[in-house]
Amino acid sequence: MTMPVRILIVDDEQHIRNSLATWFREEGYEVGVAASGKDALAAVAREGTNILLVDIKMPGMDGLELQRRVRELAPDATIIIMTAYASVETAVEALKEGAYDYIVKPFDPEAVSRLVRKAAERYSLLAENRALRERISAASPALISSGSPAMAKVIELLDQVSPTDTSVLITGESGTGKELVAHLIHAKSARRFGAFVVENCGALAEGVLESELFGHERGAFTGAVGRHRGKVEMANEGTLFLDEIGDVPPKVQVDLLRVLQERALKRVGGNETIKVDFRLVTATHRDLEAEVAAGRFREDFYFRINVFQIKLPPLRERSDDVPLLAEHFLQQFATQMNRRISGFTPEAMAALVNYPWPGNVRELANAIERAVVLCRGNRIEPGHFPFAAPPASANMSLASVEEAHIRQVLATCSYNVAQAARELDIDRVTLYNKMKKYGIERP
Amino acid sequence: MNVRVLALGDVPPRLAEAVLGGLPRPYAGGEAGQLAVAFDRCYDRTRAQVDAACLIEQVATPEPGWAVVGLTGVDLFMPALTYVFGISHLGGRRGIVSWFRLHPEETGREAAEILLRRITTEAVHELGHSLGLVHCVVADCAMHRSLWPEGVDLKRPEYCPACLEAITWSL
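Computed from a predicted structure; not experimentally measured. (Residues numbered from 1 in each chain as written. Chains lettered and ligands numbered in written order. Predicted model: local features only at pLDDT ≥ 70, side-chain atom pairs only at ≥ 80, totals over all residues.)

## Thoughts on the overall build of chain B
Then, in step 1: Of the regular secondary structure elements, chain B holds 5 helices and 9 strands.
Then, in step 2: The burial tally for chain B puts 42% of its 171 residues in the buried class.
Then, in step 3: Partitioning the contacts of chain B with sequence separation of at least 6, the portion at a separation of at least 24 is 64%. (Helix = DSSP H or I, 4+ residues; strand = E, 2+ residues; numbered from the N terminus. Buried ≥ 20, exposed ≤ 12 C-beta atoms within 10 Å, placed from the backbone. Contact = placed C-beta atoms within 7 Å.)

## Examining the overall build of chain A
Then, in step 1: Within chain A, the regular secondary structure consists of 18 helices and 14 strands.
Then, in step 2: Taking all 443 residues of chain A together, the buried fraction comes to 36%.
Then, in step 3: Long-range contacts, defined here as pairs at least 24 residues apart, represent 70% of the contacts in chain A between residues at least 6 apart.

## Observations concerning the packing of helix α3 (residues 63-73) of chain A against helix α4 (residues 88-96) of chain A
All names here are of chain A.
Then, in step 1: Interhelical geometry of α3 versus α4 gives an angle of 10 degrees and a closest axis separation of 10 Å. Between α3 and α4, the interaxial angle falls into the category roughly parallel. The handedness of the crossing between α3 and α4 is right-handed. Across the interface between the two elements, Gly63, Leu64 and Gln67 from α3 touch Thr90, Glu93 and Ala94 from α4.
Then, in step 2: Residues of the contact of α3 with α4, tallied by class, amount to 2 nonpolar, 3 polar and 1 charged. (Axes fitted to C-alpha atoms, helices over the stretch in contact; angles between N-to-C directions. Parallel < 35°, antiparallel > 145°, perpendicular 65-115°, else oblique. Left-handed = near helix turned anticlockwise from the far one by under 90°. Nonpolar A, V, L, I, M, F, W, Y, C, P; charged D, E, K, R; others polar.)

## Some details on helix α17 (residues 417-424) of chain A
Residues and elements named next belong to chain A.
Then, in step 1: All of the buried residues along α17 are Gln419, Ala420, Ala421 and Arg422.
Then, in step 2: Buried residues along α17 sit against α16 (398-412) and α18 (428-437).
Then, in step 3: The positive-phi residue at the C-terminal boundary of α17 is Asp425, with phi of around 60 degrees.

## Considerations on the interface of chain A and chain B
Then, in step 1: Facing the 19 residues of chain A at the interface are 17 residues of chain B.
Then, in step 2: When contributions to the side of chain A that touches chain B are tallied by element, the ones reaching two or more residues are α1 (14-26) and α5 (109-144) of chain A.
Then, in step 3: Tallied by class, residues from the side of chain A that touches chain B come to 7 nonpolar, 6 polar and 6 charged.

## As for the sheet that holds strand β7 (residues 196-200) of chain A
Residue and element names in this part refer to chain A.
Then, in step 1: If you walk across this open sheet you meet the 5 strands as β7-β8-β11-β6-β12, and the pairing is parallel. Because the sheet does not close on itself, it has two edges, and the strands there are β7 and β12 (308-311). Strand-to-strand twist of the sheet, defined as the mean angle between neighbouring strand axes without regard to direction, takes the value 20 degrees.
Then, in step 2: Across 4 bridges, the pairing between strand β6 (residues 168-171) and β12 is parallel. (Pairing = 2+ DSSP bridges.)

## Let's talk about the sheet that holds strand β5 (residues 66-72) of chain B
Residue and element names in this part refer to chain B.
Then, in step 1: Spatial strand order, β2-β1-β5-β9-β8: 5 strands in an open sheet with mixed pairing. Each having just a single partner strand, β2 (29-35) and β8 (86-88) make up the two edges of the open sheet. Mean inter-strand twist for the sheet, computed between neighbouring axes without regard to direction, equals 15 degrees.
Then, in step 2: Of the pairings in the sheet, the one linking β5 to strand β9 (residues 94-98) comprises 5 bridges and is parallel in character.

## Thoughts on α18 of chain A
Then, in step 1: Of all 10 residues in α18 of chain A, 1 are buried; the element is thus mostly exposed.
Then, in step 2: In the stretch just after α18 of chain A, Gly439 of chain A is the one whose phi turns positive, near 65 degrees.

## Description of unusual backbone geometry
Then, in step 1: Cis geometry marks the peptide bond from Lys105 of chain A to Pro106 of chain A, where omega comes out at -10 degrees.
Then, in step 2: Inspection of the secondary structure puts Pro106 of chain A in the loop between β5 (101-104) and α5.
Then, in step 3: The peptide bond linking Arg25 of chain B to Pro26 of chain B adopts the cis configuration, its omega dihedral lying at 10 degrees.
Then, in step 4: Examined against the element boundaries, Pro26 of chain B turns out to sit in the loop between α1 (13-21) and β2.
Then, in step 5: Even without being glycine, Glu237 of chain A reaches a positive phi, approximately 70 degrees.
Then, in step 6: Checked against the element boundaries, Glu237 of chain A lands in the loop between α9 (231-234) and β8 (239-243).
Then, in step 7: Residue classification places Glu237 of chain A among the exposed residues on the basis of 12 C-beta atoms within 10 Å.
Then, in step 8: You will see that Glu244 of chain A, though not glycine, has its phi angle at about 55 degrees, which is positive.
Then, in step 9: On the neighbour-count criterion, Glu244 of chain A (19 C-beta atoms within 10 Å) is partly exposed.

## Remarks on the nonpolar core
Then, in step 1: Among the nonpolar cores identified, the biggest contains 83 residues, and Leu52 and Ile81 of chain A together with Ala52 of chain B are the most heavily contacted of them.
Then, in step 2: Leaving out residues up to four positions away in the same chain, Ala52 of chain B has contacts with Leu76, Phe77, Met78, Val84, Ile87 and Ile96 of chain B.
Then, in step 3: Ranked by size, the runner-up nonpolar core spans 34 residues in total, among them Leu169, Ile185, Leu240 and Phe278 of chain A. (Core = buried A, V, L, I, M, F, W, Y, C linked by C-beta atoms within 7 Å.)

## Here's the deal with the confidence of the model for chain B
All names here are of chain B.
Then, in step 1: The share of residues in chain B with pLDDT of 70 or more is 100%, and the mean pLDDT across the chain is 92.
Then, in step 2: Averaged pLDDT values over the elements of chain B bottom out at 85 in helix α5 (residues 161-170) and peak at 97 in β5.
Then, in step 3: In the predicted complex, the global pTM is 0.52; the interface-specific ipTM is 0.77. (pLDDT = per-residue confidence, 0-100.)

Listed below in structure tokens is the structure:
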């Protein structure tokens, strides 16, 4: 969820503070006011502030001094200097010291609105980039920690293709880290300051997917109560990541192909042509060549998205990496849950290395998270893993064996029913019926 | 929610009646009237404008179940801003609209119709603020911010479904 932007207005004149506070509150910002530099610093330290509008001339600590001190306290805060005409030279000095901009009092409403909106967008972008960096640095070792030649090749390809604008198709089994690779491509590209927009195409019906991707105009269909910008439009100047591209219906494939060729789109129910400039990264766990051969996937669309392919190896083909990854996840989850767990018993590590990991890195991460929850000592034991459950005994009924297996697979998939259904090779409705039959509920 | 539309000073009362007649949902009804105000108390000689924050203090908070919007032809400013089309107390059930800067370039009957529509739209806007709504991203919603007169024409004198729901819920 996006946090609201918080603005602090610092001015010794009450009527200036009040009128600006009224103006920006109507805009939907969270607004604080401070009558002096000292009060402003206390507010920044206490509540955090994203944008400061600072009067340059104040008794005591002036705007320039306040700017220096805020920089130490909140380096990411955006500072806009307010000045009377006579002190423009000082404002220019403030710019040299890192102020975002300055504005002369009284302000033109349009100018001040535009300036603060730009500053708010800059803040959102900084926050988004920081979240992306944190996510990548938290998850990268899971993908990259490796001594395997197959992963070394993946890293090399990533470094080569990321700075270009080429469309990339990422293939690999579920849980191998395809979305993370897409994130890395975006983060290493020239478009990293633009948006990274994700759409999972496998989960949506054709009409919904069309509307999600291309947007719609008000009244385009029943329930379209307002104009809606699609994911393609939102990815303008950034990267569009379409997961499960192999599940996209033929009609939407045609529409996407047209957008890719013309670099423009029309919203559903609209006539306006909207230019779009984005990089496309797609992913699938399906064999798209086989899908093309079977006539379920358009060949022209396949060629368009498969300009550069990165194939992620399944974890069973890089079992040497399992101990390193297991240690990484153990450290991550133990820290998150504030647990003192020093490592794995030799038997537990052997169980991890010997397990085939059909759910790949995601399943490994889930298994370690579960083990950290269950572990009461200081080392993880085999019994903490769902796959190390005792084998079914000869006197168990078939229904009991089925129930136990379903519970085990659901736990491994963190109760993601769609994923569990794929692992069990049954459809979701069947799995839901079986869960109902055995009284299995999501935690 | 009932609305009292007040002509401030010597504004013709029929303008207040026309605006009242154009108010959308969720305003159930109300009355048009006139309020004597002392513009000179809020007049800034150096700027040759009227301080909006000062003027709104002359419009009393109405009784529960009512909101009030005042109409004036004087040029309004806020101390930090060169001009404003209106002002309101966020959630305070009172607001003011000025048409000083809303005049269209057209002339004759067409100009009068455009001006009335602009005043009504901005009255709906300020009433929305006075009931707690902030600005809306939907371009044709009355709560979208307009900074120039032609921008007001892109809006409709009513709320988008989300704003209508928010305002109805708050009542």
